[in-house]
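# Report on the structure
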Amino acid sequence: MSGQFVLEGVVVGLAVGSIYALIAVGFTVLYKSTKILNLAHGELVLFGGYLAIAATSAFGFLPTPAAFAAGVAVTLLAAAALGFAVERAVMRPLFGQPLLSVIIVTLALGYVVRGIMVGIWSGETRTFPPVIPATVVRVAGVPVSLVGVWSAAAAATLLVTFSLFFRYSRWGIAMRAAANEQLTASTLGVSLRRVFAYAWAFAAVAGAVGGILLGLWLGVNFALAAVGLKALAAVILGGLDSVPGAILGGLLVGVVETVLGGYMEAHVRVLGQPLHGFKEVTAYLVILLALMVRPHGLFGTERIERL
Amino acid sequence: MAYARPCGDFKTSYAQDMALLDIRLYRWGFLLLLAAMVAAPWVLGRWIYLLNDIAVFAIGAVGLSLVMGFAGQISLGHAAFMAVGAYTSWFATTHLKLPFVAALPLSAVVAFAVGAVVGLPSLRIKGLYLAIATLAFQFLVEYLIVQTVSGMGGTPVPPMDLFGVPVNTEVRFWYVVATVWVVGAVFATNLTRTRVGLALMAVRDRDYAAQVLGVNLLYYKTLAFALGAAYAGVAGSLFAHYNRVIGAEHFSLAQSIDFVAMLVIGGLGSVWGPHLGAAFVRMLTQLLKMWAPVLGAVIPVLGRATTSVHDVVFGVILIVFLIWEPGGLATLLRKFKRYVDLWPFPH
Amino acid sequence: MAEGVPLVDTVLSVRRMTVRFAGVVAVSDLSFSLHAGELLGIIGPNGAGKTSVLNCINGFYRPQAGQVFFLGRDITHLPPHARASTGIARTFQNIALYPHMTVLQNILSGRLVHMRSSLLGCGVYWGFGQREVLRHRQRVEEIIDFLEIEAYRDHRVAELPYGIQKKVELGRALAMEPRLLLLDEPMAGMTVDEKADMARYILELREVRGLSMILIEHDMGVVMDLCDRLLAMDYGRKIAEGPPKEVQQHPDVIRAYLGEEHGVAEEVAGGP
């Protein structure tokens, strides 16, 4: 691995990783405040990507930047609505049900969302109209596409905004209280229902933003749902219940995937075969290794059982 | 022994009390079920392939019910173990030139071993984290299949051969698969009412208490995964020789989730659950395959693709079951059984 | 008794045991022993480290220092399940039954330490597996008789009232046929009648079966009546040990219960 290869990998990896981090934060916030592991998160990313493209082209009569802005606004509203609807219609009746049921319900939700998307958009790769010119800029001497830079910057800005929101706003504090101790928070006047609803809406919006940013950069197809699972890797690395952990995990997965995955694909041969698509499984290897070493993630809290 | 449940407890030995089919009605019912299985090809004609399909997946589902229903360990990678069995059987019959009767147990043994290895970390990795670990395992196996053996296409598998008799028709396959099905199901049911089953349920219900009562958590969690994988391996081996071609798409994450769906719909922690669930899920899959174009035409949102109809219908059914009947079909059946027990009285 | 081989008469001996959690000392340099057939009561205010002592004896916690000897054997490094098969059983403060299993299955699971059938034997059932299950079923029925819970045999535990669940948990521990039984607040939250029943069972276990027991209980009346000897703890330390009357009068014990720091006067006066 040459120094230049690693440097390029790190820069690109950080850019992609910042988007993973954003998606992972949605995941973690949902887990923290509702204790639900959402295996439909990838579908929320997909939903954001497809809907934003469809909405942008629906506003095609406007100049491209305006159409894009309108498309994004519509998508975010729809994502929030989807989050609220899921919480109200599916998750609320399952409150207090065993872990297994809840996980499977999120899987089932993923099925439904993806099924409908395949039905409507039939699985072809779609791209946004050229919102940002397809030029290449140099970051730390490394060529990166301008879209990538913009996406990463947007993701970073949003991450900062979200952390400020959780630290200082009323709802942010309520959600953190609920995350800490659900029953206590509810006796102190925090409406758990609302916290859950907001958490779902937040997760859906974060996923959708991730989908839009990745879609701008790489185009949208059904492989995008796998990004949800990369966010899962990020979250596992960071520990399910740690927001800073999720951000760091996202960046880490981005870098490892680009550097290690890229290297393996380009240079390593097994049984004389090049390792096509190794990048895609790097995230899962990361998950397994992380769990072997630290079963509760790098920053996750381990529960001490009292008898 | 009465036909229906007697009023008052007339059992005179513990053996009677612990028998699976404790009244004559159920014993006759079970014999009738076996007879129906023998007669099925004549009754069903060419539709016997539906039963073959159900049987293969029911065997796999029984394995998952040991892992999830009895031991309470979430596994989202069950199809990967099926793949292990299928490719073992393929390798044994093509490269090692072994007969099917040797390849089938070999598949079970290899899958058992792989299951034990995957199950080992389950002592440290728990709950959600374990679910994710099995998910990662699923993806890695899929990747491995594509990279090493099958590529994006499939690998051809020779037909089943039983002591020189080629098992090349649906009817012949039915008798083979039905035998394995019944033996496997009875074996699993017996497990659940003896030492192994008690220990697994103890681990599921409260692992620390089980430990203090002498249950070795590492041993039993690993055993659960290994047993579950062995069943999946047998199902994989049967599937390979039935379908005659195997590839990554047969053992995908979607298949793993279908297995989970079978358990949830059938009823977790019930011995009939996996069979009912497998029957429901596979029948529905086949029906949807036939009717998808019609449904797509009526409801345009569902579009042209079969997969989308399948996904949406499955997702909705799963959600409905989990919200309204978390006990699954087995619980519905139990309610019916209670009705039979009490007949002709309402309570 | 601090040095050398424990006496044959000694069932359990704990030596200089210390347990810490992230800076908090739960048990500090504790030593005591238990004679065969003896009923030892451990008392102390909430958070004194009583349950931690039990957790160390059955292996749920690993003490940072000290040793545990059981029947003359050092079991400090054995995992919990291995200690169970040496003959240590316990009940839990918050009931730890298997909620989705029936009373019968719960108590039968206590027999797991004595079950020997192989995987194949279990799966085939007819033959050895069946004979074994039926043999154990016989013992389980004896326990069900002893605890007078015949009527609940086939009920799922989660559906049963609290007092019955406490009985079932005792039954599950007895099914192990232990040499040492650890009871962690077996009467907490019970009605007076239920307490009387439980006390009767405990006495019968001691008198008739000669079972060695350690009992943690807050009801001083019960403890004074039942126990042969008391061990009082506060802040993880042993503050008194001896015959119940002496321990009750011990100035440190009275201070621990009535003192400025805790002020749980009712406990020493005999229940709420």
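Residues numbered from 1 in each chain as written. Chains lettered and ligands numbered in written order. Predicted model: local features only at pLDDT ≥ 70, side-chain atom pairs only at ≥ 80, totals over all residues. Heavy atoms only, no water.

## Remarks on the overall build of chain C
To be explicit about the condition: Only DSSP runs of H or I with at least four residues qualify as helices, and only runs of E with at least two residues qualify as strands; both kinds are numbered from the N terminus onward. Radius of gyration here uses only the C-alpha atoms, and the compact-globule reference equals 2.2 Å multiplied by the residue count raised to the power 0.38. Buried residues are those whose accessible area, probed at 1.4 Å on protein chains only, stays under 20% of the maximum for their type, while exposed residues exceed 50% and partly exposed ones sit between those limits. Contacts: residue pairs with any heavy atoms within 4.5 Å of one another. When charges are counted, neither His nor the chain ends are considered; positive counts come from Lys and Arg and negative counts from Asp and Glu. To locate a charge, the coordinates of NZ of Lys, CZ of Arg, CG of Asp or CD of Glu are taken.
Helix and strand counts for chain C come out as 11 helices and 10 strands. Relative to the globule expectation of 19 Å for 272 residues, the C-alpha radius of gyration of chain C, 19 Å, shows essentially globular dimensions. Each of the three principal axes of chain C carries a C-alpha extent, and together these read 65 × 45 × 35 Å. Among the 272 residues that make up chain C, the fraction classed as buried is 58%. Of the contacts made within chain C by residues no fewer than 6 positions apart, 66% connect residues no fewer than 24 positions apart. Chain C carries 29 positive and 34 negative side-chain charges, and their two centres are separated by 8 Å.

## A short note on the domain arrangement of chain C
All names here are of chain C. For clarity, the threshold we go by: As used throughout, domain bounds are those supplied by an automatic or database domain assignment. Accessible area that two parts lose when put together, with a 1.4 Å probe and added across both, is what the buried area reports.
You can read the domains of chain C as domain 1 (1–87 + 179–272) and domain 2 (98–177). For domain 1 and domain 2, the distance between their C-alpha centroids amounts to 27 Å. At the interface, 20 residues of domain 1 touch 13 residues of domain 2. Carbon and sulfur atoms supply 68% of the area buried between domain 1 and domain 2, which totals about 1,300 Å² over both sides.

## Some remarks on the pairing of strand S2 (residues 142–145) of chain A
For the record, the criterion: Paired strands are those between which DSSP finds at least two bridges.
Of the two faces of S2 of chain A, only one is covered, namely that formed by Val142 and Val144 of chain A; the face formed by Pro143 and Ser145 of chain A stays uncovered. Taking the residues that link successive antiparallel strands as the turn, the strand S1 (residues 136–139) of chain A-S2 of chain A hairpin has two residues, and the phi of Ala140 of chain A there is positive, at about 55°.

## Section: a nonpolar patch on the surface
Residues and elements named next belong to chain B. Test applied: Distance thresholds for patches are 9 Å for like charges and 5 Å for nonpolar side chains (Val, Leu, Ile, Met, Phe, Trp, Tyr), applied to residues having over 30% relative accessible area and no salt bridge. Using the Shrake-Rupley algorithm and a 1.4 Å probe, accessible areas are obtained, with residue cover drawn only from the displayed protein chains. Salt bridges are defined by distance alone: a side-chain nitrogen of Lys or Arg within 4 Å of a carboxyl oxygen of Asp or Glu.
On the surface, Val38, Trp42, Val43, Leu44, Trp47, Val171, Tyr175, Leu287, Met290, Trp291 and Val294 cluster together to form a nonpolar patch covering roughly 1,100 Å² of accessible area. Those elements giving two or more residues to the nonpolar patch turn out to be helix H2 (24–44), helix H7 (170–192) and helix H12 (273–298). Note that Tyr175 resides in helix H7. Judged by its relative accessible area of 30%, Tyr175 falls in the partly exposed class.

## As for the nonpolar core
Condition: Residues belong to a common nonpolar core when they are buried Ala, Val, Leu, Ile, Met, Phe, Trp, Tyr or Cys residues joined through side-chain atoms within 4.5 Å.
In this structure, Trp174, Leu238 and Phe251 of chain B together with Leu181 of chain C are the most contacted members of the largest nonpolar core, which totals 277 residues. A total of 17 residues in this core trace back to one element, the largest contributor, which is helix H8 (residues 192–218) of chain A. The contact partners of Phe251 of chain B, leaving out residues within four places of it in the chain, are Ala79, Met82, Ala83, Ala86, Tyr87, Gln138, Glu142, Ile145, Phe239 and Ile246 of chain B.

## Side note on the packing of aromatic side chains
Formally: For Phe, Tyr and Trp, rings pair up if their centres lie within 6.5 Å, where Trp contributes its six-membered ring, and each pair is then called stacked (planes under 30 degrees apart), edge-to-face (over 60) or tilted (otherwise).
For the structure on display, the rule yields 24 aromatic pairs over all chains. Geometrically, the ring pair formed by Phe5 of chain A and Tyr263 of chain A is edge-to-face, given 6.3 Å between the ring centres and 70° between the ring planes. Here the residue Phe5 of chain A occupies a position in helix H1 (residues 3–34), and Tyr263 of chain A occupies one in helix H10 (residues 243–267), the gap between them amounting to 258 residues. With a relative accessible area of 24%, Tyr263 of chain A lands in the partly exposed category. Aromatic pair Tyr208 of chain B and Phe92 of chain C: ring centres 5.4 Å apart, planes at 80°, arrangement edge-to-face. Of this pair, Tyr208 of chain B sits in helix H9 (residues 207–212) while Phe92 of chain C is found in the loop between strand S6 (88–90) and helix H3 (103–109), placing the two residues in two different chains. Given the relative accessible area of 14%, Tyr208 of chain B is considered buried. On the basis of relative accessible area, Phe92 of chain C is assigned to the buried category, the value being 1%.

## So, the interface of chain B and chain A
Rules: Side-chain atoms alone can form a polar contact between residues adjacent in sequence; in general such a contact is a pair of N or O atoms within 3.5 Å, and within protein one must be able to donate a hydrogen while the other accepts it. Lys, Arg, Asp and Glu make up the charged group, whereas Ala, Val, Leu, Ile, Met, Phe, Trp, Tyr, Cys and Pro make up the nonpolar group; the residues left over, Gly among them, are polar.
Listed per partner, the contact involves 44 residues of chain B and 49 residues of chain A. In this assembly, chain B packs against chain A so that about 4,000 Å² is buried in total across both faces, 79% of it on carbon and sulfur atoms. Across the chain B-chain A interface, the total number found is one salt bridge. For Arg114 of chain A, the salt bridge goes to Asp311 of chain B, with nearest N and O atoms at 4.0 Å. Viewed at the interface, chain A and chain B are joined by three residue pairs in polar contact (both at pLDDT 80 or more). Elements supplying a minimum of two residues to the side of chain B that touches chain A: helix H6 (127–149), helix H11 (253–266) and helix H13 (306–324) of chain B. A breakdown of the residues in the side of chain B that touches chain A according to their chemical character gives 32 nonpolar, seven polar and five charged.

## A few points about the sheet that holds strand S10 (residues 237–242) of chain C
Residues and elements named next belong to chain C. Worth spelling out the cut-off: Here an axis means a line fitted to C-alpha atoms, over the contact stretch when the element is a helix, while the angle between two N-to-C directions is reported on a 0 to 180 degree scale.
Strand order in the open sheet formed by six strands is S6-S7-S8-S3-S9-S10, and the pairing between neighbours is mixed. Only two strands of the sheet have a single partner each, and these edge strands are S6 and S10. Strand-to-strand twist across the sheet, computed as the mean angle between neighbouring axes with direction ignored, equals 20°. Judged from the five bridges that link them, strand S9 (residues 229–234) and S10 form a sheet pairing that is antiparallel. Each residue of the ladder has a partner; that of Leu231, found in S10, is Glu241. Those strands touched by helix H7 (residues 192–209) are strand S3 (39–43), strand S7 (180–184) and strand S8 (212–216), and its axis lies near 155° from that of S8.

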